[in-house]
Amino acid sequence: MTQEVVDAFHTLYYNNWNRTWETTTWMGVKVLKCPTDLWIYQELIHALQPDLIIETGTAFGGSAYYFASLMDIVGSGRVITIDLCGKSDFPDRPKHDRIEYWQGSSVDPLI
């Protein structure tokens, strides 16, 4: 794959008229991820069936919700998602038994 093709993909993905990366959702919750990445994540979760996923950068909570939903399907695992912003910044983050929201810096030794 040439760099020109990669650059064209990113230009279309980030700059098209409806900005795909801003309109991708999971079960109605915004997910700031590329849909092809989500496909790869589900393959990894199916193959590896991890006990724990640690996500850095929560924003709206859509990808944590996506991961937790996939873990429901495989029957195990949980998600810890860490963000500098807290519940008051994103009060509508989805609630799910497999998700723990942590507020702080992912590089903070205490976290």
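Please read these numbers as outputs of a predicted model, since none were measured by experiment. (Residues numbered from 1 in each chain as written. Predicted model: local features only at pLDDT ≥ 70, side-chain atom pairs only at ≥ 80, totals over all residues. Heavy atoms only, no water.)

**What about the pattern of salt bridges?**
Keep this limit in mind: Whenever a carboxyl oxygen of Asp or Glu lies within 4 Å of a side-chain nitrogen of Lys or Arg, that contact is scored as a salt bridge. Segments assigned H or I by DSSP are reported as helices when at least four residues long, segments assigned E as strands when at least two residues long, and all are numbered from the N terminus. With a 1.4 Å probe rolled over the protein chains alone, any residue whose accessible area is under 20% of its type maximum counts as buried; one over 50% counts as exposed, and the rest are partly exposed.
By the definition in use, this model includes three salt bridges. Its salt-bridge partner being Lys33, residue Glu55 comes within 3.8 Å of it at the nearest N-O pair. Of this pair, Glu55 sits in strand E3 (residues 52–56) while Lys33 sits in the loop between strand E2 (29–30) and helix H3 (35–48), and the two are 22 residues apart along the sequence. Side by side, Glu55 and Lys33 carry an identical accessibility label, which is buried.

**Remarks on the layout of surface pockets**
Put simply, the rule reads: Cavities and pockets were defined on a 1 Å grid built from protein atoms only: a cavity is a group of points that admits a 1.4 Å probe but offers it no way out, a pocket is an open group of points flanked by protein on both sides within 12 Å along at least five of seven lines, and a lining residue is one with an atom within 4 Å of any such point. Grid points are joined across faces, edges and corners, and a volume is the space filled by probe spheres set on the points. When residues are grouped by polarity, Ala, Val, Leu, Ile, Met, Phe, Trp, Tyr, Cys and Pro land in nonpolar, Asp, Glu, Lys and Arg in charged, and all others, Gly among them, in polar.
Reported here for the largest pocket is a volume of approximately 150 Å³. Every residue along the wall of the largest pocket is listed here: Cys85, Gly86, Lys87, Phe90, Pro91, Arg93, Pro94, Lys95, Tyr101, Trp102 and Gln103. Class assignment for the residues of the lining of the largest pocket results in six nonpolar, two polar and three charged.

**Quick look at helix H4 (residues 62–74)**
Short version of the rule: Any helix carries an expected span of 1.5 Å times its number of residues minus one. Here, residues are in contact when the closest pair of their heavy atoms is within 4.5 Å.
If you check H4, its first and last C-alpha atoms are 19 Å apart, about what 13 residues at 1.5 Å a residue would give, namely 18 Å. For H4, a buried count of 10 out of 13 residues is recorded, marking the element as mostly surrounded by other parts of the structure. Listed as buried for H4 are Gly62, Ser63, Ala64, Tyr65, Tyr66, Phe67, Ala68, Ser69, Leu70 and Met71. The inward-facing, buried residues of H4 contact strand E1 (25–26), E2, H3, E3, strand E4 (78–83) and strand E5 (99–103). The first or second residue beyond H4 is Gly75, which carries a positive phi of 90 degrees.

**Describing a nonpolar patch on the surface**
Quick reminder of the rule: Nonpolar side chains (Val, Leu, Ile, Met, Phe, Trp, Tyr) within 5 Å and like charges within 9 Å form the patches, drawn only from residues with over 30% relative accessible area and no salt bridge. For accessible areas, the Shrake-Rupley method is used with a probe of radius 1.4 Å. Any residue's cover is judged against the shown protein chains and nothing else.
A cluster of nonpolar side chains, contributed by Trp39, Ile40, Leu44 and Leu48, occupies part of the molecular surface with about 470 Å² of accessible area. Relative to the helices and strands, Trp39 resides in helix H3. Among the residues examined, Trp39 registers a relative accessible area of 57% and is labelled exposed.

**Quick notes on the side chain of Arg98**
Stated precisely, the cut-off is as follows: Nitrogen and oxygen atoms within 3.5 Å of one another constitute a polar contact, given that in protein one can donate a hydrogen and the other can accept it, and given that sequence-neighbouring residues count only through two side-chain atoms.
Within the element layout of this structure, Arg98 appears in the loop between E4 and E5. Of the polar contacts made by the side chain of Arg98, one reaches the side chain of Asp72; its length is 2.6 Å. For Arg98, the contacting residues outside a window of four places in its chain are Ala68, Met71, Asp72, Gly75, Ser76, Gly77, Arg78 and Val79.

**Comments concerning the packing of aromatic side chains**
So the rule is basically this: Classification of ring pairs uses Phe, Tyr and Trp, with its six-membered ring standing for Trp, and accepts pairs whose centres are within 6.5 Å; under 30 degrees between planes counts as stacked, over 60 as edge-to-face, and the remaining range as tilted.
Overall, the coordinates contain four aromatic pairs when judged by the stated rule. Note on Tyr41 and Phe67: the rings are 5.3 Å apart at their centroids and 80 degrees apart in plane angle, and the pair reads as edge-to-face. Of the two residues, Tyr41 sits in helix H3 while Phe67 sits in helix H4, which places them 26 residues apart along the sequence. When its relative accessible area of 6% is taken as the criterion, Phe67 is described as buried. Every member of this aromatic cluster is reached through a ring pair, and the members are Trp26, Tyr41, Tyr66 and Phe67.

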